[in-house]
Amino acid sequence: MAHSNEKTTSDKQPDVQNKLNNDPKQSIYKELMWQGLWKNNPGVVQLLGLCPLLAVTNTATNALGLGIATTAVLVTSNTVISLLRHHIPATLRIPIFVMIIASLVTCVQLLMNAYTYEVYLSLGIFIPLIVTNCNIIGRAEAFASKNKITHSAFDGLMMGLGFSCVLMILGATREVLAQGTVFDGIQTLLGGWAAFLTVHIYHSETRFLLAALPPGAFIIMGIIIAIKNTIDEKIDTKR
Amino acid sequence: MSFTNLSSPYQQIKRSTSQIMFIVILCLVPAIMLQSYFFGIGNLLQIILSVFTALVAEAAVLKLRNRPIINTLKDGSAILTAVLIAVSIPSLAPWWLVIIGALFAIIFVKQLFGGLGQNIFNPAMAAYVLLLISFPVPMTTWNPTNSLLPFPVDFIDQIKLVFTGVTTAGHTLDQLAINLDGLTLATPLNTVQNGLHAGYTLTEIAKSSRGINNSEFPISVINIAYLFGGCILLFKRLIHWHIPVAFLTSITLFSFISFVYDPEHISSPFFQLFTGATMIGAFFILSDPVTASTTPKGRFLYAILIAFFVVLIRNAGGYPDALAFAVLIGNMCVPLIDYYTKPPVYGSL
């Protein structure tokens, strides 16, 4: 169980490695899930990919769009890199990873351009910039290049979901503070059926502009990290 | 004359933080009274709200941090911060504005950095910038002086305006802020800024707008009251003379240079000195011992730097008053200034 593992495992990658080699199948997936969603969350623990995290989370819709795009790239890049891991020379691995990731990002970008044009416009430069998201190259280097395909793909999925969760919390909080809505314009991302997801919490003439600006993102991000650490501390003291 | 005390008496009375803060607040009183006299008692209401919020916020954070609550609250620093926020926002602004400002100043700018003495930025000015950036409209809707109000507004009306946004007769603040000529009455700096952006020259603005002439006088008087309060602080040696003197001199110098360069588009040094936040800044905000530079040379540099940015942002920037932005920039430079202006140890080569 994840809880029993937690005490012995530090955040370091080698421990996960040992676990993967020794533990039975079931607990590997649980461990990967625990790592990606909470313990080693790319958004609030590793603090990777902060640039898009802070820049495009002004609405929950944008956050969800970027979250989906990043998750898709993470899963596919982890899969491809894990597939090719025996054929990639160690000295050339970084350029090769970047090329693989870049071609996948291009695919995602073209797909978004075709199917979710308005989200594509509002995310702007941050879709191509997924290439430089340290989180993706970090997973490729630290995990996918050393583990088998199924584990790598699952790790990519969990890391992507963890990242998306942080994006969504941040995006929703900022949107509520700045506009009083959640998921405003969601139909541009998911299609007309999703319009019911838009929630109007309050209406005000004056908007809290800071929340929509990058400094507000930094402050709210700090609060989210603080809350996460407090919960961890509470769990530790209980045990 | 002040000499460094090298002979007896060696033991001097040392003022506690709460005594210092109390005297500083007392020195603000004349200006606050004048502000109430000219613009109505809205500002007293804002001060009460602000102080109350600041004290509650400080107590809450101190409890979370397991620090002594009563002793820390007694030092009065939170009260001073709250008063400074309250006097710098429009006196009839909606109630939540000052509450957000006080909460941000105390929780984020002061306590999260470690409480009194640890904060990098001046809490009052950081809160002011937060409010100005987040709510530009209510932050720049200044009500006209009492004598110019298009409708009679009494004490009850002012309270109602702050809490509900309308007077008993149903007038909103926007209606109050427009005088009979249909001109919006802002602060003089604000009026000039808007006029210049619209492409007018200073003489045209002065001719066309009564607002600038009418609110220039009370605001200048309030500024003189701040100057008076500041002189008491200097006389009581609660603040060092370096910062106010260097700041006022260099602001005069810089604005004189820019005024001579383009007198039709840049306001005069007198205007710069007496119509904005210059005086309260010089004596009450820049001189904050926590966020200002601590070396004598550094204090000069710090004040000159802020004066430079005040003149620059006022004349070339988009916001009417620049003091808060300039102070934050100055605060950021303080560690560097202190590092390079460390006085040599006595006797060393």
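Our structure is the block above this text.
Summarised in this report is the structure supplied together with it. (Residues numbered from 1 in each chain as written. Chains lettered and ligands numbered in written order. Predicted model: local features only at pLDDT ≥ 70, side-chain atom pairs only at ≥ 80, totals over all residues. Heavy atoms only, no water.)

So, the interface of chain A and chain B
When the parts come together, some accessible area is lost, and that loss is often what is quoted as the size of the interface.
Then comes step 1: Taken together, the contact pairs eight residues of chain A with nine residues of chain B.
Then comes step 2: Between chain A and chain B, a total of about 660 Å² is buried, with carbon and sulfur atoms accounting for 82% of that surface.
Then comes step 3: When the buried area of chain A at its contact with chain B is split by residue, T206(A), F208(A) and L210(A) rank highest and sum to 54% of it.
Then comes step 4: Counting every contact that joins chain A to chain B gives zero salt bridges.
Then comes step 5: Counting across the chain A and chain B interface gives two residue pairs in polar contact (both at pLDDT 80 or more).
Then comes step 6: Broken down by secondary-structure element, the contributors of at least two residues to the side of chain A that touches chain B are α11 (209-212) and α12 (214-238) of chain A.
Then comes step 7: Residue classes in the side of chain A that touches chain B are distributed as six nonpolar, one polar and one charged. (Contact = heavy atoms within 4.5 Å. Buried area = accessible area lost by both parts, 1.4 Å probe. Salt bridge = Lys/Arg side-chain N within 4 Å of Asp/Glu carboxyl O. Polar contact = N/O pair within 3.5 Å; in protein donor to acceptor, adjacent residues only side chain to side chain. Helix = DSSP H or I, 4+ residues; strand = E, 2+ residues; numbered from the N terminus. Nonpolar A, V, L, I, M, F, W, Y, C, P; charged D, E, K, R; others polar.)

Quick word on helix α9 (residues 149-179) of chain A
Then comes step 1: Taking 1.5 Å as the rise per residue, α9(A) with 31 residues should run 45 Å; its terminal C-alpha atoms sit 43 Å apart, in good agreement.
Then comes step 2: Looking one or two residues beyond α9(A), the residue adopting positive phi is G180(A), at roughly 80°. (Expected span 1.5 Å × (residues − 1).)

Re the pattern of salt bridges
All names here are of chain A.
Then comes step 1: Inspection of every chain in the model, using the stated rule, returns four salt bridges over all chains.
Then comes step 2: Where R93 meets E141, a salt bridge forms, and the shortest distance between an N and an O atom there is 2.8 Å. Of the two residues, R93 sits in helix α6 (residues 93-115) while E141 sits in helix α8 (residues 134-144), which places them 48 residues apart along the sequence.
Then comes step 3: Accessibility expressed as a relative area gives 30% for R93, which makes it partly exposed. (Buried < 20%, exposed > 50% of the residue type's maximum accessible area, 1.4 Å probe, protein only.)

Things to note about the packing of aromatic side chains
Each aromatic ring pair is summarised here by two numbers: the centre-to-centre distance and the angle between the ring planes.
Then comes step 1: Within the structure shown, the criterion is met by 13 aromatic pairs over all chains.
Then comes step 2: A ring pair is formed by Y29(A) and F154(A), whose centres lie 4.9 Å apart and whose planes are at 90°; its orientation type is edge-to-face. Placement of the pair is Y29(A) in helix α3 (residues 25-39) and F154(A) in helix α9, with a sequence separation of 125 residues.
Then comes step 3: By relative accessible area, which is 22% here, Y29(A) ends up partly exposed.
Then comes step 4: Centre to centre, the rings of Y339(B) and Y340(B) are 5.0 Å apart; their planes meet at 90°, and the pair counts as edge-to-face. Y340(B) shares its class with Y339(B); the two are exposed. (Phe/Tyr/Trp six-rings, centres within 6.5 Å; stacked < 30°, edge-to-face > 60°.)

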